[in-house]
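Residue-level structural notes
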Amino acid sequence: MTLTAANGGVLLAIGLMALVTYLTRAGGVFVMARVPIGPRVERFINAMAGSVLVAVITPMAVNGDGGARMALVATAGVMLVLRKPLPAITAGILTAALWRLVAS
């Protein structure tokens, strides 16, 4: 299947991606509504959240610039000390912004 940028191809692609995203999320809610949440299922869900996060972050740590790496270090450090995600995310964003400000 080939979509061209002309004749609304881009809008069609965006609409299809939105539909697939919605169906995936709605399907997950539909399936999980029928699964009893016991300790084993809860451990699995918690482990999946972490593994998805690692899968997203690892390419940035390997292929990213110094700002991305320093942001990762800052985020991890603040998370280890405070154990709160919002300050850790803030530290990462500020570190990347400052790195890029100084490096430019």
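Residues numbered from 1 in each chain as written. Predicted model: local features only at pLDDT ≥ 70, side-chain atom pairs only at ≥ 80, totals over all residues. Heavy atoms only, no water.

1. Considerations on the UniProt feature "transmembrane region" (unreviewed entry) in the chain
Cross-referencing UniProt, the feature "transmembrane region" (unreviewed entry) maps to residues 12-32, 44-62 and 82-102 in the present numbering. Counted over residues 44-62, helix gives 100% and strand 0%. Its end C-alpha atoms are 27 Å apart. Taken end to end, residues 82-102 is 90% helix and 0% strand, and its first and last C-alpha atoms sit 27 Å apart. (UniProt positions renumbered as here; feature names shortened; annotations may be inferred. Helix = DSSP H or I, 4+ residues; strand = E, 2+ residues; numbered from the N terminus.)

2. Focus: the packing of helix 2 (residues 39-63) against helix 3 (residues 66-82)
Packing of helix 2 against helix 3 leaves a shortest axis separation of 7 Å and a crossing angle of 130 degrees. By the angle between their axes, helix 2 is oblique relative to helix 3. Judged by the sense of rotation from one axis to the other, the crossing of helix 2 with helix 3 is left-handed. Where helix 2 abuts helix 3, its residues I57, M60, A61, V62 and N63 lie against A68, R69 and L72. Counted by class, the contact of helix 2 with helix 3 contains six nonpolar, one polar and one charged residues. (Axes fitted to C-alpha atoms, helices over the stretch in contact; angles between N-to-C directions. Parallel < 35°, antiparallel > 145°, perpendicular 65-115°, else oblique. Left-handed = near helix turned anticlockwise from the far one by under 90°. Contact = heavy atoms within 4.5 Å. Nonpolar A, V, L, I, M, F, W, Y, C, P; charged D, E, K, R; others polar.)

3. Regarding a nonpolar patch on the surface
Where nonpolar side chains cluster on the molecular surface, the patch consists of F30, V31, M32, V35, I37, F44, I45, M48, V52 and V56 and spans about 890 Å² of accessible area. In terms of residues, the nonpolar patch owes the most to one element, helix 2, which gives five residues. (Patch = residues over 30% accessible without salt bridge, like charges linked within 9 Å, V, L, I, M, F, W, Y side chains within 5 Å. Areas by Shrake-Rupley, 256 points an atom, 1.4 Å probe, with all protein chains shown as cover. Salt bridge = Lys/Arg side-chain N within 4 Å of Asp/Glu carboxyl O.)

4. Considering the packing of helix 3 against helix 4 (residues 85-103)
Orientation of helix 3 relative to helix 4, taken along the N-to-C sense of each, is 155 degrees, at an axis distance of 8 Å. With respect to helix 4, the element helix 3 is oriented roughly antiparallel. For the pair helix 3 and helix 4, the crossing hand works out as right-handed. In contact with G66, G67, A68, M70, A71, A74, T75, V78, M79 and L82 of helix 3, helix 4 contributes P85, P87, A88, I89, A91, G92, T95, A96, W99 and R100. Partitioning the contact of helix 3 with helix 4 into residue classes produces 14 nonpolar, five polar and one charged.

5. Topic: helix 2
In this model helix 2 runs 37 Å from its N-terminal to its C-terminal C-alpha over 25 residues, within 8% of the 36 Å that 1.5 Å per residue would give. By the largest-angle criterion, I57 marks the main kink of helix 2, which is about 25 degrees, and a proline, P59, follows within four residues. (Expected span 1.5 Å × (residues − 1). Bend = angle between axes of the 7 residues up to and from the residue.)

6. Quick notes on the pattern of salt bridges
Charged atoms that come close allow side chains of opposite charge to pair. What the rule picks out here adds up to one salt bridge. The partner of R100 in a salt bridge is D65, and the shortest N-O contact between them spans 2.8 Å. With R100 in helix 4 and D65 in the loop between helix 2 and helix 3, this pair connects stretches of sequence that are 35 residues apart. D65 gets classed as partly exposed once you look at its relative accessible area, which sits at 35%. (Buried < 20%, exposed > 50% of the residue type's maximum accessible area, 1.4 Å probe, protein only.)

7. As for the environment of A68
Relative to the assigned elements, A68 resides in helix 3. According to the relative accessible area criterion, A68 is buried, its value standing at 16%. Counting along the chain gives 45 residues from A68 to L23, while the straight-line C-alpha distance between them is 32 Å. Apart from residues no more than four positions distant in its own chain, A68 is found in contact with M60 and R100.

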